[in-house]
Amino acid sequence: MYIEKVPNRNSPPCILLREASRDGKKIIKKTIVNLSKWPEHIVEGLRSLLKGGTVLENIKDGFDVVRSLPHGHVAAVLKSLHKLGIDKIIDRKASRMRNIVIAMIVARIIDPRSKLATARGLDSETAFSSLAGECSIETIDEDELYEAMDWLLVRQERIEKSFAKQHLQHGALVLYDLTSTYFEGKTCPLAHRGHNRDKKNGKLQIEFGLLCNVDGRPNAVEVFEGNTGDPATVANQINKLRDRFGLQRVIIVGDRGMLTEARIREEFKTTDGLDWISALRSPAIKKLIRTNKIQPGLFDEYDLAEITSPD
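Described below are features of the structure shown in this document. The structure displayed is predicted, hence computed values, not measured ones.

How each quantity is defined
- Residues numbered from 1 in each chain as written.
- Predicted model: local features only at pLDDT ≥ 70, side-chain atom pairs only at ≥ 80, totals over all residues.
- Heavy atoms only, no water.
- Helix = DSSP H or I, 4+ residues; strand = E, 2+ residues; numbered from the N terminus.
- Rg over C-alpha atoms; globule rule 2.2 N^0.38 Å.
- Buried < 20%, exposed > 50% of the residue type's maximum accessible area, 1.4 Å probe, protein only.
- Contact = heavy atoms within 4.5 Å.
- Polar contact = N/O pair within 3.5 Å; in protein donor to acceptor, adjacent residues only side chain to side chain.
- Phe/Tyr/Trp six-rings, centres within 6.5 Å; stacked < 30°, edge-to-face > 60°.
- Lys NZ or Arg CZ within 6 Å of the ring centre and 35° of its normal.
- Axes fitted to C-alpha atoms, helices over the stretch in contact; angles between N-to-C directions.
- Parallel < 35°, antiparallel > 145°, perpendicular 65-115°, else oblique.
- Left-handed = near helix turned anticlockwise from the far one by under 90°.
- Nonpolar A, V, L, I, M, F, W, Y, C, P; charged D, E, K, R; others polar.
- Salt bridge = Lys/Arg side-chain N within 4 Å of Asp/Glu carboxyl O.
- Pairing = 2+ DSSP bridges.

### What to know about the overall build of the protein
Along its length, the protein carries 12 helices and 8 strands. Relative to the 2.2 N^0.38 estimate, which gives 19 Å for 311 residues, the radius of gyration of the protein is 33 Å and therefore markedly larger than a compact globule would have. Judged by the C-alpha coordinates and their principal axes, the protein covers about 110 × 55 × 40 Å. For the protein, the residues scored as buried account for 32% of the 311 residues in total. For the protein, contacts bridging at least 24 residues in sequence account for 52% of all contacts bridging at least 6.

### A closer look at the environment of serine 278
Its place among the elements puts serine 278 in the loop between strand S8 (274–277) and helix H11 (282–290). Residue serine 278 is classed as partly exposed on the basis of its relative accessible area, which comes to 31%. Spatially, the C-alpha atoms of serine 278 and arginine 256 are 5.8 Å apart, while their sequence positions differ by 22 residues. Here serine 278 is in contact with Gly254, Asp255, Arg256 and Leu259, once residues within four sequence places are set aside. Within the structure, the side chain of serine 278 is placed 3.4 Å from the backbone oxygen of aspartate 255, a separation counted as a polar contact.

### A short note on the environment of histidine 73
Within the secondary structure, histidine 73 is located in helix H2 (residues 72–84). The class of histidine 73 is partly exposed, set by a relative accessible area of 35%. In this structure the C-alpha to C-alpha distance between histidine 73 and isoleucine 109, which are 36 residues apart in sequence, comes to 9.8 Å. With residues near it in sequence (within four places) discarded, histidine 73 still touches Ile110 and Ser129.

### Thoughts on helix H5 (residues 115–122)
Think of an α-helix as turning once every 3.6 residues; residues three or four places apart then point the same way. Within H5, 6 of the 8 residues are buried, which leaves it mostly tucked inside the rest of the structure. By the burial criterion, the buried members of H5 are Lys115, Ala117, Thr118, Ala119, Gly121 and Leu122. Turning to H5, the residues buried within the fold contact helix H4 (96–110), helix H6 (131–134) and helix H7 (142–154).

### Notes on the packing of aromatic side chains
For any pair of aromatic rings, the description rests on two quantities: the centre-to-centre distance and the angle between the ring planes. Counted by the stated rule, this structure contains 1 aromatic pair. Taking the centre distance of 5.6 Å and the plane angle of 65 degrees together, the rings of phenylalanine 268 and tryptophan 276 count as edge-to-face. Looking at tryptophan 276, the relative accessible area reads 30%, which means it is partly exposed. Here the guanidinium or amino end of arginine 113 rests over the ring plane of phenylalanine 128, the centre of that ring lying 4.7 Å away.

### Examining the packing of H2 against H4
Running from N to C, H2 and H4 point in directions that differ by 125 degrees, and their axes come no closer than 10 Å. Taken together, the axes of H2 and H4 lie oblique to each other. Crossing angle aside, the handedness with which H2 passes H4 is right-handed. Facing His73, Val74, Val77, Leu78 and Leu81 of H2, the residues of H4 in contact are Ile102, Ile105, Val106, Ile109 and Ile110. The class makeup of the residues in the contact of H2 with H4 is 9 nonpolar, 1 polar and no charged.

### A few points about the pattern of salt bridges
For the structure shown, the criterion picks out 16 salt bridges. Of the charged contacts, one joins glutamate 4 and lysine 29 as a salt bridge, the two residues approaching to 3.4 Å between their closest N and O atoms. Here the residue glutamate 4 occupies a position in strand S1 (residues 2–8), and lysine 29 occupies one in strand S3 (residues 26–34), the gap between them amounting to 25 residues. Judged by its relative accessible area of 47%, lysine 29 is partly exposed.

### Here's the deal with the sheet that holds strand S7 (residues 250–253)
Spatially, the 5 strands line up as an open sheet ordered S6-S5-S4-S7-S8, and their pairing is mixed. Both edges of this open sheet fall to strand S6 (218–225) and S8, since each of them pairs with a single strand only. Neighbour to neighbour, the strand axes of the sheet diverge by 25 degrees on average, direction disregarded. Together, S7 and S8 form the strand contacts of helix H10 (residues 261–268), whose direction differs from that of S8 by roughly 165 degrees.

### Structural notes on the side chain of serine 180
Residue position: serine 180 is located in strand S4 (residues 172–182). Overall, the relative accessible area of 6% leaves serine 180 in the buried class. Side-chain polar atoms of serine 180 contact the side chain of arginine 197, separated by 3.2 Å. Not counting residues up to four positions away in its chain, the partners in contact with serine 180 are His195, Arg197, Asp198, Gln205, Ile206, Glu207 and Phe208.

If you want it as C-alpha cells, here you go:
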C-alpha cells in the first residue's frame, strides 16, 4: 500500500490510499480509501508508517509512555469473581472494605505474598498490576489489610451460610480435614505447641479445619487452638452443618485419625441422619481377616472388594 497525490485540475489534489498489483506487464492500481479530508500531518504520519518509519516524530502533539501495568490476569480473575457473585456474597453494599477484601482474594490467586508485600503491590506508587486501579484503591498499607480481615470476620457466618446454600444439600457428602501452621511470635491466644505437621518442633502453632463439598469447594473454615486433637473438632462441624446450615442428613468424609471409633460411637451412632465414610486402622482390618469377613484373594484380581460386617 502507498499514498498517492492525484492532481484535480483547479481543485485541490486528491489524496488516495492505494494498492498496486501486477497482471503480466500491466500494473493495476486499486484505491482503498480517499484521504483528501484528513489533516496533512495525519496523512504524513500514515505515509511514514507505510514506509516502516515511526509516527511520533511526525505527530504535532506526541506522547510519552510513563508506566504500563500487567492487566490480563487481573481481568480474568475479577471477571470470574463477579460472575460467581462473590462480591455480593461478601457484602451487598459496595465499600472500600469490600474492595480491599476482593483485592486480597485476587492477589492471593495471582501472586500470593505476605500482607506487607500485598499492600505494596496494591499501593499506586509500587503497584505490580492493575489490580489496585480496578478495585478503586489508590493508597493502602498492611494495617488496613488486617482491618479488612477483621471486618470480614464479622460477616463470616453469613458468608458461609450463603456458600452452604449453594453447594450443600440434604444427604450430601461433606469432606472435612484439619491442618496446622506454625508461626513466629508469642501473642496469639490460640497458639500452643502440638503435633507439628511442618516438622518445626518447639514452635507455636494454630490449627484450622476446612469443610468442603464433594467437588472440593470450600464452604466453611474454623480455627482451633494449636494443641487440639483432630477428633475433638468433629463435634463443632456436626453442629455447624445441622444447626447453622440446616442440614439434617449429611455424610461426613474424614481420615481415620479424624473419625475414630470413639468419635463414631459418641457422635455419629447417636445422631439421626448422620453417616460417615472413613478408613479402617490396621488392627480393625486384621480382626476382619481373622473372622473371615475379608478374603485376601478377592484383592488379587480387582484390587477392590466390598465387605459387609456388623463391626
